[in-house]
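Descriptive analysis of the structure
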Amino acid sequence: QYQACALGTDGLVKCWGLDRHGCINDAPGLSFLDIGSLESTNCGVTADQVLHCWGQDKLGKLSDIPDGSFVGIVGGTFHSLCAVRADQTVACWAGKSGGLTSPTGLFAHVAVGAAHGCGVRLDGTLTCWGANTDGQTNAPPGAWDQVACGGPPGEGEGEGETDIPAANFTATTLVRDQEALVPLTDWVPLFNFTMGYGEDDFAPRILERLNYYIRP
């Protein structure tokens, strides 16, 4: 939604877009094997097969990075991340409600959604884990090659970020005298801005009414 990154043939990462929480300008000059992006956090598997993330540290995306040797990483549509270890086990971290749990077993391919993950095991069977609010973890039987997961940012608890107004609102202000009154349209630019409704979470609010009180 805000930024994008690419992995060059030289192993270096280039990110562009909106630099929220340093997700663009803090990109390290390291050599990577694989990269993954979220709203304002980027992660990658370095040439030394360790995980390295930069940007926003919400819900443990930077502070709870698992240890070990990894070969691949994938980010979800919200705050969850999963990475495939060299031994083909999967480690997941961050995300709401304590984070996305790590599945058991060995995997050939993994995908992550807003609050759930799915993976293709080495025998081709499919398994999913995490939130099952809409049946998204009810994986079908059969043999599979790849899997993809979806889900809107902020799914489930309204913790995501959106361009859709969370609500219009009414403001009340004091003015010094009658001559200080101005049309509502002159006030709107002052209030038509992004207002936070949670830590590091934002949604635009639109001023639709302004109550005036003359200061006594």
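Residues numbered from 1 in each chain as written. Predicted model: local features only at pLDDT ≥ 70, side-chain atom pairs only at ≥ 80, totals over all residues. Heavy atoms only, no water.

**Some remarks on the overall build of the protein**
Rules: Put simply, DSSP H or I for four residues or longer makes a helix, DSSP E for two residues or longer makes a strand, and each gets a number counted from the N terminus. Partly exposed residues are those whose accessible area sits between 20% and 50% of the maximum for their type, while under 20% is buried and over 50% is exposed, using a 1.4 Å probe and protein chains only. The contact rule is simple, with two residues in contact once any of their heavy atoms fall within 4.5 Å. For the accessible areas, the method is Shrake-Rupley and the probe is 1.4 Å, while residue cover comes only from the protein chains on display.
The secondary structure content of the protein amounts to 1 helix and 14 strands. Within the protein, the fraction of its 216 residues that count as buried is 42%. In the protein, the proportion of contacts linking residues at least 24 apart, taken out of those at least 6 apart, comes to 45%. Total accessible area on the protein is roughly 11200 Å²; 52% of this is exposed by carbon and sulfur atoms.

**Observations concerning the state of the cysteines**
Going by this rule: Note on terminology: disulfide denotes any pair of cysteine sulfur atoms within 2.5 Å.
Counting across every chain of the model gives 4 disulfides. Here C118 connects covalently by a disulfide to C128, the sulfurs 2.0 Å from one another. Of note, the bridge from C118 to C128 carries an S-S torsion of about 110° and is right-handed in sense. Of this pair, C118 sits in strand β10 (residues 116-121) while C128 is found in strand β11 (residues 126-130), placing the two residues 10 residues apart along the sequence. Unpaired in this structure, C23 has its nearest cysteine sulfur neighbour in C5, at a distance of 7.2 Å. Among the cysteines around C149, which has no disulfide bond, C118 carries the closest sulfur, lying 3.8 Å off.

**Observations concerning unusual backbone geometry**
At H21, a position not held by glycine, the phi torsion is positive, near 60°. Topologically, H21 is positioned in the loop between β2 (13-17) and β3 (32-37). For Q88, which is not glycine, the phi torsion reads 75° and is therefore positive. Along the chain, the position of Q88 falls in the loop between β7 (81-85) and β8 (90-93).

**Re the sheet that holds β8**
Backbone hydrogen bonds are what pair the strands of a sheet, in a parallel or an antiparallel way. Note the threshold: Strand pairing is assigned whenever DSSP detects at least two bridges linking the two strands. Here the axes come from fitting lines to C-alpha atoms, over the contacting stretch only for helices, and the angles between their N-to-C directions go from 0 to 180 degrees.
The strand order across the open sheet formed by 3 strands is β6-β7-β8, and the pairing between neighbours is antiparallel. Of all the strands in the sheet, just β6 (70-75) and β8 have a single pairing partner and so form its edges. Averaged over all adjacent pairs, the angle separating strand axes in this sheet is 20°, with direction ignored. In terms of strand pairing, β6 meets β7 through 5 bridges, oriented antiparallel. Looking at the pairing, G75 lines up with L81 of β7.

**Focus on the confidence of the model for the protein**
Interpretation of this model should avoid reading the predicted coordinates in detail wherever pLDDT is low. Operational definition: pLDDT expresses, on a scale from 0 to 100, how confident the predictor is about each individual residue.
Mean pLDDT over the protein works out to 76, with 66% of the residues at or above the 70 mark. Within the protein, strand β5 (residues 51-55) carries the highest mean pLDDT (94), whereas strand β13 (residues 194-198) carries the lowest (40). Scored below 50 in pLDDT, residues 154-171 makes 63 contacts in the model with residues more than four places away or belonging to other chains. Low confidence marks residues 187-205, where pLDDT is under 50. Its contacts with residues over four positions away, or in another chain, come to 53 contacts.

**Digging into the sheet that holds strand β4 (residues 41-46)**
On the basis of which strands lie adjacent, the open sheet formed by 3 strands has the order β3-β4-β5 and antiparallel pairing. On the outer flanks of this sheet lie β3 and β5, each paired with one strand and no other. Neighbour-to-neighbour, the strand axes of this sheet turn through a mean angle of 20°, independent of strand direction.

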